[in-house]
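Chain by chain, the residues run as shown.
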Amino acid sequence: MKQQKLVAKIALLGMVSFFFSCDKKGDHYEKIEQPFELSASIPVDVNPELQDKLKKEGNIYQLNEAFNEFSWKAMVAIFWPRDKEGKPMPNFTDDGESTWLGWKEAAQVYRKDGGVPAPWESPRVKAGYNLSPTMLEENTVRVFLSSETPTKRIHSKNVADETDQAFAGQLFDQNGNVVYYEVLMNKEEFDYLVTNKLYNINGQIDFSKNGAIANFPAGDYATTKLGAVEIKFAWKILTDSDHKERYYRNFGYVIDENGILAKKELGMIGFHISQKTPTGKQWVWSTFEHIDNLDQNVVEKEGKRSVIHPSLTNPECEICPVNVDVTSGGTTYTHHTGNHGDYWTISGDTTDRYFANSDIMKTQAKRMVDIPMRVQQINQRVQKYFKSINSVFQYYQLIDTQYPLNQNVPPSSHTEDGYRLPASVTNKPGGEPNIALLTNITMETFFQGGNQSASNLMEANPASDITIFGTESCMGCHSSAGIYNKIENGKFKTGDQLSGDFSWLLSQRAHWDEKIPRPLIPSK
């Protein structure tokens, strides 16, 4: 029997980011035109006049296509290379630091000590963490911290960027390595947080005393003023068995299984953009993945044909249980050899035994909602263009884009007496989302539930005896995010749905200002 425990202590991940081309120099590429205009500027919104026109015509299919283009434009702009002065380079494949490297890490804003964030232009500061001088001085080095990352708000929160997925446990790739995550924000979001002192629990409670709720800037289409943007990455450790040339890569330092800081090469396998827009008070949600996450792709080099093993699933194990979360809430997992086959058990689960085809934990990920054909078609156009300019992004794909069709429609009822399907699920966040479900397999692996109680996808989870099909909704999940608004019986409490303006960072990352004595928790 082999006992394996969740790595739960503080880990440091420092990453030096740089851009790689995807193929050998000298390869011939046929130049083609851009599928649509791509630039260093993040689009503010899809043209509101076009949106109104297509809505009046009832042509939501074409409107979805327009938002899919919007997503690709945003992604390209966020990765656009910049020079040492921060100015965009002429071409997407030029050498330079990706635009997002100039954005603020969540842990630099929501400091562990609850202090005021350093100014936007300033270099990285300790922010209450035990960062070495090198980590502070080298601007090209990415520093991530993860701790126990408990998944329930009643416990201490994630101190910074995670090895755990949101409200779930760890994702293990097919090499048995944990996937890492990080969250950053643009200056517009940063400025709003600092101006309103929402970076700590104290400031949020003071801000919301008179019933105020968070309301991040939405931008202005006419003046091209950008609204708030948050981005989230998923990174896997690259090994010699991986096709490294197919990844947007970084070097990084991770705490290995022996507690030693080890240098690893990392590849981006997932990328998420949430952007508040003039027509999207529920924000616009764009999510991307690497094409080798789940698909068995074929490459041919020098006349030799080889099949790439997917990063997050084993196609040769058709009976392996899928999307099993083995570390949620700090659980451990144990490998067993039995008379009828090998299997895993999870601590606290006294009934289930999960078939094991290996004694190394590897998540068998399965997407429950297919990528729509309209998205596949735009992906093919963009990937073809990226291949023609020798860009590594030919190996990435948009999963879909979720946005509100009518941002002024309020959320549907979620009381046990008043809920009504399908609206209480599909319109949980308000705004009449264009699609009900959207997830990223690298970030929401364990929400791929399929048939389940309708309760799971409604706000506040009212009791329901009706079964529906579901995974998760970006807009729906984030609509539940709250802002701290009071102290009750010595405990910090957050506001109702929508009070956090679709940003979980407010409640999941904020800390109490250490300069102010904490409220006493009354004895029982």
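Here, the structure is the one placed above.
Everything numeric in this text was worked out from a predicted model, so none of it was measured.

## Topic: the overall build of the protein
If you tally the helices and strands in the protein, you get 10 helices and 21 strands. For the protein, with 524 residues in total, the buried portion stands at 55%. For the protein, contacts bridging at least 24 residues in sequence account for 68% of all contacts bridging at least 6. Surface accessibility of the protein: about 24,300 Å² in total, with carbon and sulfur atoms responsible for 49%.

## As for the packing of helix 2 (residues 60–79) against helix 7 (residues 373–388)
The contact between helix 2 and helix 7 brings their axes to 10 Å, and the two run at 35°. When you trace helix 2 past helix 7, the crossing you get is right-handed. Between helix 2 and helix 7, the residues in contact are Tyr61, Asn64, Glu65, Asn68, Glu69, Trp72 and Val76 and Arg374, Val375, Gln377, Ile378, Asn379, Arg381, Val382 and Phe386, respectively. Residues of the contact of helix 2 with helix 7, tallied by class, amount to 7 nonpolar, 4 polar and 4 charged.

## Overview of the pattern of salt bridges
Pairing between side chains of opposite charge can happen when the charged atoms of each approach one another. Across all of its chains, the model carries 16 salt bridges by this definition. Close ionic contact of Asp173 with Lys236 constitutes a salt bridge, the shortest N to O distance being 3.9 Å. Taken together, the positions of Asp173 in the loop between strand 6 (141–146) and strand 7 (180–185) and Lys236 in strand 8 (residues 229–238) put the pair 63 residues apart, joining distant regions of the chain. Take Asp173 and Lys236: they sit in the same class, and that class is buried. Between Glu265 and Lys244 there is a salt bridge, with its nearest N and O atoms 3.1 Å apart.

## Comments concerning the packing of aromatic side chains
Here the distance between the centres and the angle between the planes together describe a pair of aromatic rings. For the structure on display, the rule yields 30 aromatic pairs. Note on Trp235 and Tyr248: the rings are 6.2 Å apart at their centroids and 35° apart in plane angle, and the pair reads as tilted. Placement of the pair is Trp235 in strand 8 and Tyr248 in the loop between strand 8 and strand 9 (249–255), with a sequence separation of 13 residues. Under the relative-accessibility criterion, Tyr248 is labelled buried at 0%.

## Regarding the environment of Asn456
Position of Asn456 relative to the elements: it lies in the loop between strand 18 (450–453) and strand 19 (467–470). Expressed as a C-alpha distance, the spacing of Asn456 and Gly470, which sit 14 residues apart in the sequence, is 8.6 Å. Within the local environment of Asn456, its side chain forms a polar contact with the side chain of Gln452, the two groups lying 3.1 Å apart.

## What to know about the pairing of strand 8
Working note: regular strand, side chains alternate between the two faces of the sheet. The buried count for strand 8 comes to 10 of 10 residues, which makes it a mostly enclosed element. Two strands pair when backbone bridges link them, and strand 7 and strand 8 are joined in this way by 6 bridges, in the antiparallel orientation. Across the sheet, residue Leu184 finds its bridge partner in strand 8, namely Ile231.

## Points about the layout of surface pockets
Quantified by volume, the largest pocket comes out at close to 910 Å³. Of all the elements in the fold, those that place two or more residues in the lining of the largest pocket are strand 4 (97–98), strand 5 (104–105) and helix 5 (187–195). Among the residues forming the lining of the largest pocket, the class breakdown is 7 nonpolar, 10 polar and 13 charged.

## Topic: the state of the cysteines
Throughout this description, disulfide means a covalent bond between two cysteine sulfur atoms. Summed over the entire model, instances satisfying the criterion amount to 1 disulfide. A sulfur-sulfur distance of 2.0 Å marks the disulfide that ties Cys317 to Cys320. Because the sign of the S-S torsion sets the handedness, a value of about 90° for the bond joining Cys317 and Cys320 places this disulfide among the right-handed ones. Neither residue differs from the other here; Cys317 and Cys320 are each classed as buried.

## Quick word on the nonpolar core
One finds Met75, Phe79, Trp100, Ile231, Met268, Phe271 and Phe393 to be the most contacted residues of the largest nonpolar core, which totals 85 residues. Each residue touching Ile231, except ones within four places of it in the same chain, is listed here: Ile78, Trp100, Trp103, Glu182, Val183, Leu184, Phe271, His272 and Ile273.

## Details of unusual backbone geometry
For the peptide bond that leads from Leu421 to Pro422, omega is 10°, which places it in the cis range. In this structure, Glu302 is a non-glycine residue whose phi angle is positive, near 55°. Tracing the backbone through its elements, the reader meets Glu302 in the loop between strand 12 (298–301) and strand 13 (304–307). Of the residues examined, Glu302 reaches a relative accessible area of 73% and is grouped as exposed. Within the chain, Ala460 stands out as a residue other than glycine whose phi angle is a positive 65°. Along the chain, the position of Ala460 falls in the loop between strand 18 and strand 19.

## Focus on the environment of Gly341
Locating Gly341 in the fold gives a position in the loop between strand 14 (333–336) and strand 15 (343–346). Relative accessible area serves as the criterion here: at 27%, Gly341 is assigned to the partly exposed category.

The rules behind these values
- Residues numbered from 1 in each chain as written.
- Predicted model: local features only at pLDDT ≥ 70, side-chain atom pairs only at ≥ 80, totals over all residues.
- Heavy atoms only, no water.
- Helix = DSSP H or I, 4+ residues; strand = E, 2+ residues; numbered from the N terminus.
- Buried < 20%, exposed > 50% of the residue type's maximum accessible area, 1.4 Å probe, protein only.
- Contact = heavy atoms within 4.5 Å.
- Areas by Shrake-Rupley, 256 points an atom, 1.4 Å probe, with all protein chains shown as cover.
- Axes fitted to C-alpha atoms, helices over the stretch in contact; angles between N-to-C directions.
- Left-handed = near helix turned anticlockwise from the far one by under 90°.
- Nonpolar A, V, L, I, M, F, W, Y, C, P; charged D, E, K, R; others polar.
- Salt bridge = Lys/Arg side-chain N within 4 Å of Asp/Glu carboxyl O.
- Phe/Tyr/Trp six-rings, centres within 6.5 Å; stacked < 30°, edge-to-face > 60°.
- Polar contact = N/O pair within 3.5 Å; in protein donor to acceptor, adjacent residues only side chain to side chain.
- Pairing = 2+ DSSP bridges.
- 1 Å grid on protein atoms, 1.4 Å probe; cavity = no way out; pocket = protein on both sides within 12 Å on 5 of 7 lines; lining within 4 Å.
- Points joined across faces, edges and corners; volume = space filled by probe spheres on them.
- Disulfide = S-S within 2.5 Å.
- Core = buried A, V, L, I, M, F, W, Y, C linked by side-chain atoms within 4.5 Å.

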